[in-house]
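Descriptive analysis of the structure
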Amino acid sequence: MLPPLDQQAERLIALGIGDIAGISPAAIRAAATSRAENSLLTIHEKYAPASSLAHLLERQGKHGFVVTDMTDVDQFTPTEHAVPPDNPVYLLEDLDRGDAMSNWSPDEALPAILEAGRTPLTLTEGIHWLLQCPDVLERGHCFMTIGSRLRKPNGALDTRTPALWISNGTGRDGKDNRNAPKVGWCWAGNRHTWLGFASANTRVPINA
């Protein structure tokens, strides 16, 4: 269950995300006056991109990071299935981690999400969720955010799909990052038993 919107607003302000986005505390608080329940207060990624948010994630005293081979993380933008409102601040309703699709590939999961009348989360939306509810990220139960994809110059989709999981501190992650929240990627055709596919019922624009 998500915190009430007013608490979410204070969390965003305390983390400095309003400063990153150029949105005043008063505007963020005003955006949180909606009566919506169990919704996620989200700042549009054009104001607060993934590269500026990942380090704000925290787990067991470890801060989040982006994998070293994803220097283009901010180029993973919303697909036509996950278009956010133009508003600087909006709501995501009825979030689901997508555990039922664990061990599916992104290519298999997307049609199922759409058929259910839902929308896949983008990477920054997934980060916002974890900033409000860090415990959503669990070992063995992490998630992909296939609402964000990178398009090549020829218009084709890059085969990498972004995901949020917990580092084991191996390889290029470095041992100091063990147990830290991690922004990484997986191939669109690969399956992983520990990755679901995060989605929402809808996005709702609000004024800020």
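Our subject is the structure listed above.
This text gives an overview of the structure that appears in the document. Treat the numbers as computed from the prediction; the structure is a model and nothing was measured.

1. Quick notes on the overall build of the protein chain
A count of helices and strands for the protein chain gives 6 helices and 14 strands. Over its C-alpha atoms the protein chain spans a radius of gyration of 16 Å, differing by no more than 12% from the 17 Å that the globule rule assigns to 208 residues. The dimensions of the protein chain, computed from C-alpha atoms along their principal axes, are 45 × 40 × 35 Å. Looking at the protein chain residue by residue over its 208 residues, the buried ones come to 52%. In the protein chain, of all internal contacts separated by at least 6 residues, the share reaching a separation of at least 24 is 77%. As displayed, the protein chain offers around 9500 Å² of accessible surface, 49% of which is attributable to carbon and sulfur atoms. Where the 19 positive side-chain charges of the protein chain centre and where its 24 negative ones centre are 6 Å apart.

2. A few points about helix α6 (residues 123-132)
Since the α-helix advances by 3.6 residues per turn, residues separated by three or four positions end up pointing in the same direction. Most of α6 is tucked away: 10 of the 10 residues are buried. Among the residues making up α6, those that are buried are Leu123, Thr124, Glu125, Gly126, Ile127, His128, Trp129, Leu130, Leu131 and Gln132.

3. Overview of the sheet that holds strand β1 (residues 39-43)
Spatial ordering of the open sheet is given by β1-β6-β14, a layout of 3 strands whose pairing is antiparallel. Lying at the two open borders of the sheet, with one neighbouring strand each, are β1 and β14 (202-206). Along the sheet, successive strands turn relative to each other by an average axial angle of 30°, direction set aside. Where β1 and strand β6 (residues 89-93) come together, 5 bridges link them in antiparallel fashion. Opposite leucine 41, over in β6, you have leucine 91 as the bridge partner. Together, β1 and β6 form the strand contacts of helix α1 (residues 5-15), whose direction differs from that of β1 by roughly 30°. Helix-sheet contacts for α6 involve β1, β6 and β14, and the interaxial angle to β1 is about 120°.

4. A look at the nonpolar core
One broad rule of soluble globular proteins: the nonpolar side chains tend to lie buried together. Formed by 58 residues in total, the largest nonpolar core has its most connected members in Leu41, Ile43, Ile127, Trp129 and Leu164. No other element matches α6, which puts 5 residues into this core. Among all residues touching leucine 41, those that are not within four sequence positions of it are Leu5, Gln8, Ala9, Leu12, Ile28, Ala31, Ala32, Val89, Tyr90, Leu91, His128 and Ile206.

5. Describing the sheet that holds strand β12 (residues 195-197)
Pairing is mixed in the open sheet, where 5 strands are placed in the order β4-β11-β10-β8-β12. Both edges of this open sheet fall to β4 (65-66) and β12, since each of them pairs with a single strand only. In the sheet, strand β8 (residues 142-144) pairs with strand β10 (residues 160-166) via 2 bridges, with the strands oriented antiparallel. Bridge pairing in β10 places methionine 144 opposite alanine 163. Against the sheet, helix α5 (residues 106-115) makes contact with β8, β10, β11 (181-187) and β12, and its axis sits at roughly 35° relative to β12, the strand it touches most. Each of β8, β10 and β11 is contacted by α6, which is oriented at about 10° to β10, the strand it contacts most.

Cut-offs applied
- Residues numbered from 1 in each chain as written.
- Predicted model: local features only at pLDDT ≥ 70, side-chain atom pairs only at ≥ 80, totals over all residues.
- Heavy atoms only, no water.
- Helix = DSSP H or I, 4+ residues; strand = E, 2+ residues; numbered from the N terminus.
- Rg over C-alpha atoms; globule rule 2.2 N^0.38 Å.
- Buried < 20%, exposed > 50% of the residue type's maximum accessible area, 1.4 Å probe, protein only.
- Contact = heavy atoms within 4.5 Å.
- Areas by Shrake-Rupley, 256 points an atom, 1.4 Å probe, with all protein chains shown as cover.
- Lys, Arg positive; Asp, Glu negative; His and termini not counted.
- Charge placed at Lys NZ, Arg CZ, Asp CG, Glu CD.
- Pairing = 2+ DSSP bridges.
- Axes fitted to C-alpha atoms, helices over the stretch in contact; angles between N-to-C directions.
- Core = buried A, V, L, I, M, F, W, Y, C linked by side-chain atoms within 4.5 Å.

Don't take any of this as a statement about function, it's just geometry.
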